[in-house]
There are 2 protein chains.
Amino acid sequence: MSEETGSRAEQRARTRRTLLDQSRRLFTEHGYGGVGLAEIVAAAGVTKGALYHHFDGKPALFRAVLEQVQREVGAAVAGAAEARTDPWEQLTAGCRAFLTASTAPDVRRIMLVDGPAVLGWNQWRALDESSSARHLEESLAALAESGILRPQPVAPLARLLSGAMNEAALWLAGSGDGQDLEDVWSALSRLLESQRRSE
Amino acid sequence: MSEETGSRAEQRARTRRTLLDQSRRLFTEHGYGGVGLAEIVAAAGVTKGALYHHFDGKPALFRAVLEQVQREVGAAVAGAAEARTDPWEQLTAGCRAFLTASTAPDVRRIMLVDGPAVLGWNQWRALDESSSARHLEESLAALAESGILRPQPVAPLARLLSGAMNEAALWLAGSGDGQDLEDVWSALSRLLESQRRSE
DNA sequence: CCTTTCACATACCAACGGTATGTTGAGTTG
DNA sequence: CAACTCAACATACCGTTGGTATGTGAAAGG
């Protein structure tokens, strides 16, 4: 299994990664409040001393896990958008990528449910802004500047769409029905399309 | 102050109400995880025995508080809608009432932030459905049936709009700027109006 | 009155997050 | 290469937490 070989830096990295992986799994299964540090360190095969050597406490550990999840979601959104050239398609592809990515159980629980409660909404919002939400507002701003979007301030619209997609992802994760994704997607598409400037 | 007069039923009701009021205040100020039962019972002037006589535990107490908050928000939404006769105005008035009501600190923290994390999203969603979200979907369904709304399934649209308004309320509560409410409201109005059937 | 029952108060427990200190081996230095 | 340093943990412990089991005094019932 995980031998205690390697340099000190390797051991440090491996321990930290194991802690992150196991806590992410347990947070997903039982929620932040439903899992104790004892359970986490037991699953990782270390002790609380190791955990507190790497993280400042339980909230800091959760924050590190959340940042990891948000980086992955942000990368998925950005990747889907960059695969397109048309600005409007970049927006829609990014939104669809966010919807599918956020339906995963760990994203759902860690990012959408427990995140705001553990860190407080303001901190959660700041993290969300720096990862995936930023792409949405930038995309909308570009569309507004080139006149493709109906003229309006983009910041409020970005908030509304972000909230709409968050809620939709939570709903989709619970339904498990593939048809629901298409229903939500057409509804969201209608909302997006309605903000496109009529030629 | 609160004398121990009255019949046994009156004492019971008074104790329960005090417990609900104080826990609601403390949950709002420090969040669910940030306040202990000791603090709650001290503020209410009773002991843990009284609390456990009225509620099954800390999550059950929070659930009772949440249901109270949701009833108030639902009543505000329904009241604003029923003050109008035109179906479309009922929708917009209800949405605006939800936005303003959900900006209050207790609604924000208890209903929007801690609610899903404490009860789990499925239970939270069931409570939300039975209070304010139901009005939204019913209003949309009525508009769809009478042909005022662009033909589409209303359930996904209701979910998207509900999430959008939740997020908007969270943002508005943090900004404190009165202009932001108007910005968000015009953005939301544009989204709603775009789903109105063009004559 | 006397008894029962309700509405709590008191005392207590296991588990929790967090800390203080001990230990070991890799990396550095003379 | 031997002595030393210090990072990377392990171990033991503490105060507090949510939860429970039991005691108690006043109101309701006969």
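Structural data are supplied above this passage.
All figures in this text were calculated on a predicted structure; none of them were measured in a lab. Throughout, residues of each chain are indexed from 1 in the direction in which the sequence is written. For this description, chains carry letters from A and ligands carry numbers from 1, given in the order in which they are written. It should be noted that, the model being predicted, local features are given only for residues of pLDDT at least 70 and side-chain atom pairs only at 80 or more, the latter also being counted only at that level, while totals for whole chains, interfaces and linings use all residues. Calculated side-chain values reflect all of the structure's heavy atoms, with hydrogen atoms and water omitted.

### Quick look at the interface of chain B and chain A
Turning to step 1, where the next piece is worked out: By definition in these notes, contact holds between two residues if any of their heavy atoms fall within 4.5 Å. On the chain A side, the residues contacting the 32 residues of chain B number 33 residues.
Turning to step 2, where the next piece is worked out: Looking at the side of chain B facing chain A, the largest losses of area belong to B:W121, B:L160 and B:E167, adding up to 23% of the total buried there.
Turning to step 3, where the next piece is worked out: The rule for a salt bridge is simple: a side-chain nitrogen of Lys or Arg has to be within 4 Å of a carboxyl oxygen of Asp or Glu. At the junction of chain B with chain A, the criterion picks out 2 salt bridges.
Turning to step 4, where the next piece is worked out: For B:E167, the salt bridge is made with A:R125, and the minimal N-O distance between the two is 2.9 Å. Buried area: the accessible surface (1.4 Å probe) lost by two parts on joining, summed over both.

### Details of the packing of aromatic side chains
All names here are of chain A.
Turning to step 1, where the next piece is worked out: Here is the rule: rings of Phe, Tyr and Trp (six-membered ring for Trp) pair when centre to centre is within 6.5 Å. Planes less than 30 degrees apart are stacked, more than 60 are edge-to-face, and the remainder are tilted. A complete count under the given rule lists 6 aromatic pairs over all chains for this structure.
Turning to step 2, where the next piece is worked out: When the centroid spacing of 5.4 Å and the interplanar angle of 70° are considered together, the rings of F27 and F62 count as edge-to-face. Placement of F27 in helix α1 (residues 8–30) and of F62 in helix α4 (residues 58–82) is noted, with a sequence separation of 35 residues between them.
Turning to step 3, where the next piece is worked out: Residue F27 is classed as buried on the basis of its relative accessible area of 0%.
Turning to step 4, where the next piece is worked out: Its end group placed over the ring of Y32, K58 keeps NZ or CZ at 4.3 Å from the ring centre. Helix and strand definitions follow DSSP, with helices as H or I runs of at least four residues and strands as E runs of at least two, each counted in order from the N terminus. Exposed residues in this analysis have more than 50% of their type's maximum accessible area, buried residues have under 20%, and partly exposed residues fall in between, with area computed by a 1.4 Å probe over protein chains only. Either the NZ atom of lysine or the CZ atom of arginine qualifies as a charge over a ring when it sits within 6 Å of the ring centre and within 35 degrees of the ring normal.

### Describing the protein's contact with DNA strand D
Turning to step 1, where the next piece is worked out: Proximity is defined per residue: if any heavy atom of the residue lies within 4 Å of a molecule or strand, that residue is considered near it. Around DNA strand D, a shell composed of 19 residues is seen, among which A:R12, A:T47, B:L37, B:K48 and B:Y52 lie nearest.
Turning to step 2, where the next piece is worked out: Near the protein, meaning within 4 Å, the atoms of DNA strand D are sugar or phosphate in a fraction of 67%, with bases accounting for the rest.
Turning to step 3, where the next piece is worked out: In the analysis that follows, any N or O atom pair within 3.5 Å is treated as a polar contact, provided that within protein one partner can donate a hydrogen and the other can accept it, and provided that, for residues neighboring in sequence, both atoms belong to side chains. A distance of 2.6 Å separates a phosphate oxygen of DNA strand D from a polar side-chain atom of A:T47.
Turning to step 4, where the next piece is worked out: The contact in question runs from a phosphate oxygen of DNA strand D to an N or O atom on the backbone of B:L37, over 2.7 Å.
Turning to step 5, where the next piece is worked out: Classification convention: Asp, Glu, Lys, Arg as charged; Ala, Val, Leu, Ile, Met, Phe, Trp, Tyr, Cys, Pro as nonpolar; all other residues, Gly among them, as polar. Classifying every residue of the surface near DNA strand D by side-chain character gives 5 nonpolar, 9 polar and 5 charged.

### Considering the pattern of salt bridges
A side chain with one charge can pair with a side chain of the opposite charge if their charged atoms come near.
Turning to step 1, where the next piece is worked out: What the rule picks out here adds up to 24 salt bridges over all chains.
Turning to step 2, where the next piece is worked out: For A:D114, the salt bridge identified is with A:R109, shortest N-O distance 3.6 Å.
Turning to step 3, where the next piece is worked out: Look at A:D114 and you get buried, because its relative accessible area is 4%.
Turning to step 4, where the next piece is worked out: Accessibility expressed as a relative area gives 23% for A:R109, which makes it partly exposed.
Turning to step 5, where the next piece is worked out: Two residues, B:D106 and B:R24, come together in a salt bridge whose shortest N-O distance is 2.9 Å. With B:D106 in helix α6 (residues 105–119) and B:R24 in helix α1 (residues 8–30), this pair connects stretches of sequence that are 82 residues apart. When sorted by exposure, B:D106 lands in the same class as B:R24, which is buried.
Turning to step 6, where the next piece is worked out: What emerges from the salt-bridge pattern is a single network uniting A:R125, A:D128, A:E129 and B:E167.

### Description of the protein's contact with DNA strand C
Turning to step 1, where the next piece is worked out: Near DNA strand C, the surroundings consist of 19 residues, among which A:L37, A:K48, A:Y52, B:T15 and B:T47 are the closest.
Turning to step 2, where the next piece is worked out: Backbone atoms, meaning sugar and phosphate, make up 63% of the atoms of DNA strand C lying within 4 Å of the protein.
Turning to step 3, where the next piece is worked out: Within the backbone of A:L37, one N or O atom sits 2.7 Å away from a phosphate oxygen of DNA strand C.
Turning to step 4, where the next piece is worked out: Between DNA strand C and the protein, one listed contact pairs a phosphate oxygen with a side-chain N or O atom of B:T47 at 2.6 Å.
Turning to step 5, where the next piece is worked out: Those elements giving two or more residues to the surface near DNA strand C turn out to be α3 (48–54) of chain A together with α1 and α3 (48–54) of chain B.
Turning to step 6, where the next piece is worked out: Looking at the surface near DNA strand C, its residues break down into 5 nonpolar, 9 polar and 5 charged.

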